[in-house]
Amino acid sequence: MDLQPYLTSLLALKVPIGIVALWLGLVVVGAEGLHRFRLAQPETVRKVVHIGAGNVILLAWWLQVPGWLGILAAIVAGTVALISYWLPILPGINSVGRKSLGTFFYAISMGVLIGWFFPLNLPQYAAIGILIMTWGDGMAAIVGQRWGRHRYRVWGMIKSWEGTLTMGLVSYAIGCSILFAVGGNFWQTGAISLVVAVVATGLEAFSKLGIDNLTVPIGSAAIAFFLQQSIG
């Protein structure tokens, strides 16, 4: 088997790979620093990683990273997340006082969406899914914990209407921003983004054990894609 074409392709990607690796390294190092020097609560540290790592999808889009590389990176990240679930490799990320496979699901959802949409030259849908999870869920948790006063319970989980509203608004804003950026029609973009926001908010509210890190991004991206295809 001739490996030369693959090696040549990999060498051509050394700059994009370096930029992505540098960004993720800074996110993890920064989060671990916050944890080790007790500059932030464990849940805050986790959200720093959650939001910081999710933005890598924009780098991958900008740098035109090939789908196979995104899948490979997701496999590596998912493996590290699984090992860290049992071993204290990244204590700052997993010391939130509850067992969750959220970080693992997060990596898997990135791999699925990159592998699905990047080969189709439709990275905007991968970005919609990942960024809704990144910013929507991240900001919902922050708002809910700090300002959430009106609580409700779903499957034994305590949520706040303030956090849920934040999830919906941020999801809608992300959908509109990305679809407008790629030349979407005003009314069509608004309608699709509204449906996506409602679905994403529902998936986030009814998910347990971190499974929303899988259902929200994949569900949001799939709904946006199929609605766009149907209407367009």
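All residue numbers here refer to positions counted from 1 along the written sequence of the relevant chain. For this predicted model, a pLDDT threshold of at least 70 governs which residues receive local features, and a threshold of 80 or more governs which side-chain atom pairs are given and counted, while totals over whole chains, interfaces and linings are taken from all residues. Side-chain numbers here rest on the full set of heavy atoms in the structure, without hydrogens or water.

*Asks:* So, the overall build of the protein chain: which residues are in play, and what are the values?
*Replies:* Each helix and strand in the protein chain was counted, giving eleven helices and two strands. In the protein chain, the succession of α and β elements from N to C terminus is α-α-α-α-α-α-α-α-β-β-α-α-α. Relative accessible area decides the class of each residue, using a 1.4 Å probe on protein chains only: under 20% of the type maximum gives buried, over 50% gives exposed, and in between gives partly exposed. Counting the 232 residues in the protein chain, one finds 46% classified as buried. Throughout, a residue-residue contact means that at least one pair of heavy atoms, one from each residue, lies within 4.5 Å. When contacts within the protein chain are restricted to residue pairs at least 6 apart in sequence, those whose partners lie at least 24 apart make up 72%. Computed by Shrake-Rupley with a 1.4 Å probe, the accessible areas treat only the displayed protein chains as cover when residues are assessed. About 12,300 Å² of surface is accessible on the protein chain, with carbon and sulfur atoms providing 72% of the total. Strands here are runs of E lasting at least two residues and helices are runs of H or I lasting at least four, both read from the DSSP assignment and numbered beginning at the N terminus.

*Asks:* How would you summarise helix H9 (residues 161-181) if you had to cite specific residues and measurements?
*Replies:* In this model, H9 (21 residues) spans 30 Å end to end at C-alpha, consistent with the 30 Å of a helix rising 1.5 Å per residue. Every buried residue of H9 is accounted for by Glu162, Gly163, Thr164, Thr166, Met167, Gly168, Ser171, Ile174, Gly175, Cys176, Ile178 and Leu179. Where the residues of H9 are buried, they touch helix H4 (56-62), helix H8 (123-147), strand E1 (151-154), strand E2 (157-160), helix H10 (186-205) and helix H11 (212-231). Gly183 lies just past H9 and shows a positive phi near 90°. Under the convention used throughout, the expected extent of a helix is 1.5 Å for every residue step, that is, one less than its residue count.

*Asks:* Any chance you could break down the side chain of Thr134 for me, citing the residues and the numbers?
*Replies:* On the secondary structure map, Thr134 appears in helix H8. When neighbours within four sequence positions are excluded, Thr134 is seen to be in contact with His50, Ile51, Gly54, Asn55 and Tyr106.

*Asks:* Tell me about a nonpolar patch on the surface, residues and numbers included.
*Replies:* Without a salt bridge and with relative accessible area above 30%, a residue can belong to a patch; like charges are then joined within 9 Å and nonpolar side chains (Val, Leu, Ile, Met, Phe, Trp, Tyr) within 5 Å. Should a side-chain nitrogen of Lys or Arg be within 4 Å of a carboxyl oxygen of Asp or Glu, the pair is scored as a salt bridge. Taken together, Trp68, Leu72, Val76 and Val80 make up a surface patch of nonpolar side chains, about 360 Å² in accessible area. The topology assignment puts Val80 in helix H5 (residues 67-86). The class of Val80 is partly exposed, set by a relative accessible area of 34%.

*Asks:* So what's going on with the nonpolar core? Which residues, and what values?
*Replies:* Ile57, Phe117, Tyr125, Ile128 and Ile132 are the most contacted members of the largest nonpolar core, which totals 33 residues. If you list the elements that add at least two residues to this core, you get H4, helix H7 (102-117), H8, H9, H10 and H11. With nine residues, H8 is the single largest residue contributor to this core. Definition of nonpolar core: a set of buried residues of the types Ala, Val, Leu, Ile, Met, Phe, Trp, Tyr and Cys, connected through side-chain atoms within 4.5 Å.

*Asks:* Give me the lowdown on the pattern of salt bridges, citing residues and values where you can.
*Replies:* A full pass over the atoms with the stated rule returns one salt bridge. Put simply, Glu204 and Lys159 hold a salt bridge, and the shortest N to O gap is 3.3 Å. Of the two residues, Glu204 is situated in helix H10 and Lys159 in strand E2; the sequence distance between them amounts to 45 residues. Classification of Glu204 by relative accessible area gives buried; the value is 10%. On the accessibility criterion, Lys159 (15% relative accessible area) is buried.

*Asks:* Break down the packing of aromatic side chains for me, citing the residues and quoting the values.
*Replies:* The way to describe two aromatic rings as a pair is by their centre distance and the angle between their planes. In this scheme Phe, Tyr and Trp rings, the latter by its six-membered ring, pair at centre separations within 6.5 Å, and the angle between planes marks the pair as stacked below 30 degrees, edge-to-face above 60, and tilted otherwise. Enumeration over the complete set of coordinates arrives at eleven aromatic pairs. Both rings, one in Trp116 and one in Phe117, keep their centres 4.3 Å apart while their planes meet at 20°; by these two values the pair is stacked. Taken together, a centroid distance of 5.9 Å and an interplanar angle of 25° make the contact between Phe180 and Phe186 stacked. In this structure an aromatic cluster arises from ring pairing among Trp116, Phe117, Tyr125, Phe225 and Phe226. Comment: the charge-over-ring label is applied if NZ (Lys) or CZ (Arg) is within 6 Å of the ring centre and within 35 degrees of the ring normal. Sitting above the plane of the Trp147 ring, Arg146 keeps its charged end 5.5 Å from the centroid.

*Asks:* Report on the packing of H9 against H10, specifying residues and quantitative values.
*Replies:* For every element, the axis is a line fit to its C-alpha atoms; helices are fit only across the contacting stretch, and the angle between N-to-C directions ranges from 0 to 180 degrees. Packing of H9 against H10 brings their axes to within 8 Å, and their N-to-C directions diverge by 145°. For the crossing formed where H9 meets H10, the hand is right-handed. Together, Thr164, Met167, Gly168, Ser171, Tyr172, Gly175, Cys176, Leu179 and Phe180 of H9 and Phe186, Thr189, Gly190, Ile192, Ser193, Leu194, Ala197, Ala200, Thr201 and Glu204 of H10 make up the contact between the two elements. Charged means Asp, Glu, Lys or Arg here, nonpolar means Ala, Val, Leu, Ile, Met, Phe, Trp, Tyr, Cys or Pro, and polar covers whatever is left, Gly included. Within the contact of H9 with H10, the residues separate by chemical class into ten nonpolar, eight polar and one charged. For any pair of crossing helices, the crossing counts as left-handed if the nearer helix is rotated counterclockwise from the farther one by less than a right angle, and right-handed if it is rotated clockwise.

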